[in-house]
Amino acid sequence: MNPVLFEIKDHIGRITLNRPEKYNAFNRETALGVQTHLDACKSAEVRCVLITGAGKAFCSGQDLDEVVNPQGLDVPSILKEHYNPIVRQIRRLEKPVVAAVNGVAAGAGANIAFCCDIVIAAKSASFIQAFSKIGLIPDTGGTYFLPRLVGWQKATALMMLGEKITSEEAERIGMVYKVFEDASFADEALKMAMTLAQLPTKGLAFTKQALNNSLINNYEDQLHDEELLQERAGRTADYNEGVRAFLEKRKPEFKGE
């Protein structure tokens, strides 16, 4: 069975972790498959990326059977070759990436979701920083993104105590954007992806770049970057279409150009 499913439809690149019997835990084949499909999403045909899981889980993190395999990679190599490239690809991809967390998101699985642009969750989903339970530190960008989502104190407690939190609590503290009922979750996730895929793709890419820059810039540098990116946005075909549509009192038809 293919551990990662992928299709491009309606300008959406859909990546589905597909090891339901393992709660979509990552092994090398899964990680490299995700990297390949994220690379394919650079295509102009794709205007939004949707990442989710098959079955009852989003992703339970690393498959520990692979870690204890004497023929396998050690933990630092797994980070360098599996997870860190995925985080970099998601943040550098010039289009929105939505994590649709349909079930448990643990360890690296949770942190992959948190590095995406928008995180939504099914009501039955849950999140846990499971690393402290086995003597490791949060990785896959967790120590970078989680404090920026929920604050230093909350992130520290979640990482050190390894407490599981519900999707509703995750929404309350700003860990996820929105929670939907299980029965409608897949439809709502697709609806959101389709909305994003119909918006000005380059404008969204510039917004993403500005947010990335804000994580390292000072105040003056950020104002400067906004000037440069706004200038670039103002030269796009979608900007011209948006202005014309507003003046003509009609719905714009953006092409992602």
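Refer to the preceding data block for the structure.
Please read these numbers as outputs of a predicted model, since none were measured by experiment.

J.: So what's going on with the nonpolar core? Residues and values would help.
T.: Judged by nonpolar contacts, the single largest core of 46 residues is most densely connected at F26, V49, I90, V101, F127 and M175. In terms of nonpolar packing, the next biggest core, distinct from the first, is built from 14 residues, V98, A100, I120 and A197 among them.

J.: Requested: an account of the pattern of salt bridges, with residues and values cited.
T.: Using the criterion set out here, one finds 14 salt bridges in the structure. D117 is the salt-bridge partner of K208, the closest N and O atoms lying 2.9 Å from each other. With K208 in helix α9 (residues 201-214) and D117 in the loop between α4 (108-114) and β7 (118-122), this pair connects stretches of sequence that are 91 residues apart. A single salt-bridge network, built from bridges that share partners, covers E241, R244, E248 and R250.

J.: Hey, could you go over the packing of aromatic side chains for me, with residue numbers and the actual values?
T.: Each aromatic ring pair is summarised here by two numbers: the centre-to-centre distance and the angle between the ring planes. If you walk through the whole model with that rule in mind, you get three aromatic pairs. For the pair F114 and F127, a centre-to-centre distance of 5.7 Å together with 25 degrees between the ring planes defines the contact as stacked. You can see F114 sitting in helix α4 and its partner F127 sitting in strand β8 (residues 126-128), a full 13 residues away along the chain. Taken individually, F114 and F127 each receive the classification buried, so the pair is uniform in this respect. Between Y144 and F145, the aromatic rings sit 5.2 Å apart at their centres with planes inclined by 85 degrees, giving edge-to-face as the arrangement. Under the relative-accessibility criterion, F145 is labelled buried at 13%.

J.: Explain the state of the cysteines to me, using residue names and the numbers behind them.
T.: For the coordinates displayed, the defined rule picks out zero disulfides. Left unpaired, C116 is separated from the closest cysteine sulfur, that of C115, by 4.8 Å. A relative accessible area of 7% means that C116 is categorised as buried.

J.: Which residues make up unusual backbone geometry, and what are the values?
T.: The phi dihedral of H11 falls on the positive side, at around 70 degrees, and the residue is not glycine. Following the sequence through the fold, H11 ends up in the loop between β1 (4-9) and β2 (12-17). Here H11 falls in the partly exposed class, since its relative accessible area comes to 39%. In this model, N24 sits at a positive phi of 60 degrees, which is unusual for a non-glycine residue. By the secondary structure assignment, N24 is in the loop between β2 and α1 (28-40).

Calculation rules
Residues numbered from 1 in each chain as written. Predicted model: local features only at pLDDT ≥ 70, side-chain atom pairs only at ≥ 80, totals over all residues. Heavy atoms only, no water. Core = buried A, V, L, I, M, F, W, Y, C linked by side-chain atoms within 4.5 Å. Buried < 20%, exposed > 50% of the residue type's maximum accessible area, 1.4 Å probe, protein only. Salt bridge = Lys/Arg side-chain N within 4 Å of Asp/Glu carboxyl O. Helix = DSSP H or I, 4+ residues; strand = E, 2+ residues; numbered from the N terminus. Phe/Tyr/Trp six-rings, centres within 6.5 Å; stacked < 30°, edge-to-face > 60°. Disulfide = S-S within 2.5 Å.

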